[in-house]
Amino acid sequence: MEETIVKADKDLSTRFAAIRQHTEFICRPLKTEDYVVQPCADVSPPKWHLGHTTWFFETFILKPFLPDYKVYDSQYDFVFNSYYETVGARVIRTDRGNLSRPTVEDVFAYRKYIDEHMGRFLENGDFSLNLIETVDLGLNHEQQHQELLMTDIKYILGHNPLFPPYATEYVPNGLKSMASPFHQVVAGNYQIGFEGEGFSFDNEHGRHQVWLNDFKIATSLVSNREYLEFINSGGYQNFNYWHAEGWDWVRREHIGAPLYWHLIDGKWMNYDLGGLTEIIPENPVCHLSFYEATAFANWKGFRLPTEAEWEVASAAFDWGSRWEWTNSAYLPYPGFKKADGAIGEYNGKFMVSQMVLRGASQATPVGHSRSTYRNFFHPHLRWQFTGLRLILD
Ligand SMILES: [Fe+2]
């Protein structure tokens, strides 16, 4: 089959420059030492994010498609490959914090080198649609890492005993009150999945029909005030509310509150990007695991939405300040097919043992959210900006 050749439009190179700059903007308040540490396996050092997103463009665009391209450093494949088996050996994830080299300065120089080559490449070429889609994937990948950068920076600073603020002007999102506390959806056949123009990930493709029963979904997220009631009524001490796995997790990890909550002199304090402050009762509760979200819903006598219920009802409420746990396992949609080559490793191989989160969060970059977006994490993880919304049958 003949490939369609198109001229990359100015918009793509402008967008490339803007997104790459935004990543560096997020890092601007950091000190050199903040770029390097890895306080737990799931959190990557900011320096690694900066290098890895750059490596993506070098590996999937410049090396295969720019004639006479000179690789910046042949060792970077080993250091900045995340999980692409197709591309070869890589440093293990838990060792990312041991990389005192390349230095922060080296990584910024690497970014500059790649940005200059990508800039020239995008301005001059005629490309196949496939290549343009790979650039677009690289940009959306970088935006995903922008959110991870925010959550990892928060974890790094929030686990420093001095609780340094990331940015003092940081203001957390408040709850938006809605006219009606619940939105009713009537039973019927509905369509879910991506359709239309613009970028989407392969895991959203395959728009398909789903049957939904009658349900009522809350138009607001669960607040800190409601979650405190759960804590104060002994929610973390009663196994009846928890999955067996969740209960094991609570006991093994000594969990008794959301991540970043600290009981100091009888007051619940919360570390946020602005520093350690008292809990704001009206704000949506944040940094819960799937286990905690489910236990809260059980305690309240409600349940979590499925991802289909969430998507169908999503136009009826404001979403976007918290990733919302759903009660749906992360599985392929009907007809899902992995792309050939390394790009096929992007989403499909993670479709096991994880739960879907819907919406977006205060850390999601502008222009990177849509109602069909499927985020996914293991049920015990809670360092993303995760919250919940309830359903009443
Ligand atoms: Fe990545």
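Heads up: the structure comes first, above all this text.
Per-chain numbering applies: the sequence of each chain, read as written, is numbered from 1 onward. Per-residue local features of the predicted model are confined to residues with pLDDT of at least 70, and side-chain atom pairs are confined, for both listing and counting, to 80 or more; whole-chain, interface and lining totals are unaffected and use all residues. Excluding hydrogens and water, the side-chain values take into account all heavy atoms of the structure.

### Things to note about the sheet that holds strand S7 (residues 261–264)
Okay, step 1: Should DSSP find at least two bridges between two strands, the strands are regarded as paired. Each helix corresponds to a stretch of at least 4 residues labelled H or I by DSSP, and each strand to a stretch of at least 2 residues labelled E; elements are numbered beginning at the N terminus. Pairing within the open sheet is antiparallel, and its 3 strands lie in the order S7-S8-S9. Lying at the two open borders of the sheet, with one neighbouring strand each, are S7 and strand S9 (275–278). Between one strand axis and the next, the sheet turns by 35 degrees as a mean value, whatever way the strands run.
Okay, step 2: Judged from the 4 bridges that link them, S7 and strand S8 (residues 267–272) form a sheet pairing that is antiparallel. Axis lines are fitted through C-alpha atoms, for helices just across the contact stretch, and the angle between N-to-C directions can take any value from 0 to 180 degrees.

### Topic: the packing of aromatic side chains
Okay, step 1: Only centres within 6.5 Å qualify two rings of Phe, Tyr or Trp (six-membered ring in Trp) as a pair; their planes then separate them into stacked at under 30 degrees, edge-to-face at over 60, and tilted for everything else. Scanning the model with the defined rule gives 47 aromatic pairs in all.
Okay, step 2: Geometry around Tyr260 places Lys154 over its ring, the cationic atom sitting 4.8 Å from the centre.
Okay, step 3: Charge-over-ring placement is defined geometrically: NZ (Lys) or CZ (Arg) within 6 Å of the ring centre, and within 35 degrees of the ring normal. One residue, Arg389, lies across the ring of Phe317, its end atom 3.7 Å from the ring centre.

### So, the side chain of Asn224
Okay, step 1: Note on placement: Asn224 falls in helix H6 (residues 224–232).
Okay, step 2: Two N or O atoms count as a polar contact when they lie within 3.5 Å, although within protein this holds only if one can serve as hydrogen donor and the other as acceptor, and sequence-adjacent residues are included solely when both atoms are side-chain atoms. A distance of 2.9 Å separates a polar atom in the side chain of Asn224 from the backbone oxygen of Ile280.
Okay, step 3: Only heavy atoms matter for contacts: two residues are in contact if any of them lie within 4.5 Å across the pair. Setting aside residues up to four positions removed in sequence, Asn224 forms contacts with Trp261, Ile279, Ile280, Pro281, Asn283, Pro284, Val285 and Cys286.

### Overview of the sheet that holds strand S10 (residues 323–329)
Within a sheet, each strand pairs with its neighbour through backbone hydrogen bonds, oriented either parallel or antiparallel.
Okay, step 1: Taken together, the 4 strands give an open sheet; going across it, the order is S12-S11-S10-S13, and neighbouring strands pair in mixed fashion. Edge positions in the sheet fall to strand S12 (375–377) and strand S13 (386–387), since each of these pairs with one other strand and no more.

### Brief notes about the pattern of salt bridges
It is possible for side chains of opposite charge to pair when their charged atoms get near one another.
Okay, step 1: For this analysis, a salt bridge means a side-chain nitrogen from Lys or Arg found within 4 Å of a carboxyl oxygen belonging to Asp or Glu. Per the counting criterion, the structure on display carries 23 salt bridges.
Okay, step 2: Notably, a salt bridge pairs Glu278 with Lys267, separated by 4.0 Å at the nearest N-O pair. One end of the pair, Glu278, is in strand S9; the other, Lys267, is in strand S8, with 11 residues separating them in the sequence.
Okay, step 3: Of the residues examined, Lys267 reaches a relative accessible area of 44% and is grouped as partly exposed. The buried label applies to any residue whose accessible area, calculated with a 1.4 Å probe on protein chains only, is under 20% of its type's maximum; exposed applies above 50%, and partly exposed to all values in between.

### Remarks on the pairing of strand S6 (residues 215–218)
Okay, step 1: Sheet topology places strand S3 (residues 182–185) next to S6; 4 bridges connect them, and they run antiparallel. Each bridged residue has a counterpart across the sheet, and for Val185 the counterpart in S6 is Phe215.
Okay, step 2: In this structure, S6 lies alongside strand S14 (residues 391–392), joined through 2 bridges in antiparallel fashion. Bridge pairing in S14 links Lys216 to Leu392.

### Considering the coordination of the iron ion
Okay, step 1: Coordinating N, O and S atoms are those within 2.8 Å of the metal (3.2 Å for Na, K and Ca), and as water is not part of the atoms, a site may appear to have fewer donors than expected. Taken together, the protein donors to the iron ion comprise His52 (NE2), His141 (NE2) and His145 (NE2), at separations of 2.2 Å.
Okay, step 2: Every donor residue of the iron ion comes from the same chain, spaced as H-x88-H-x3-H. Of this pair, His141 and His145 are both found in helix H5 (residues 129–158), 4 residues apart, which corresponds to roughly one turn of the helix.
Okay, step 3: Classification of His141 by relative accessible area gives buried; the value is 3%.
Okay, step 4: Note on His145: relative accessible area 9%, which makes it buried.

### A look at unusual backbone geometry
Okay, step 1: In this structure, the amide linkage connecting Arg101 to the following residue, Pro102, adopts the cis form with an omega of -5 degrees.
Okay, step 2: Along the polypeptide, Pro102 turns up in the loop between helix H3 (76–80) and helix H4 (104–124).
Okay, step 3: Even without being glycine, Asp265 reaches a positive phi, approximately 50 degrees.
Okay, step 4: Residue position: Asp265 is located in the loop between S7 and S8.
Okay, step 5: Classification of Asp265 by relative accessible area gives exposed; the value is 79%.

### Section: the packing of helix H1 (residues 10–27) against helix H2 (residues 46–65)
Okay, step 1: Following both chains from N to C, one finds H1 and H2 inclined at 165 degrees, their axes separated by 11 Å at the closest point. As judged from the angle between their axes, H1 and H2 are roughly antiparallel. Every pair of crossing elements has a handedness; the one defined by H1 and H2 is left-handed. Within the contact between the two elements, H1 uses Phe16, Arg20, Thr23 and Cys27 and H2 uses Leu50, Thr53, Thr54 and Phe57.
Okay, step 2: Following the grouping adopted for this structure description, the nonpolar residues are Ala, Val, Leu, Ile, Met, Phe, Trp, Tyr, Cys and Pro, the charged ones are Asp, Glu, Lys and Arg, and the polar ones are all others, Gly among them. Partitioned by chemical class, the residues of the contact of H1 with H2 number 4 nonpolar, 3 polar and 1 charged. Roughly parallel means an angle under 35 degrees; roughly antiparallel, over 145; roughly perpendicular, 65 to 115; everything else is oblique. Definitions for this section: a left-handed crossing has its near helix turned counterclockwise from the far helix by less than a right angle. A right-handed crossing has that turn clockwise.

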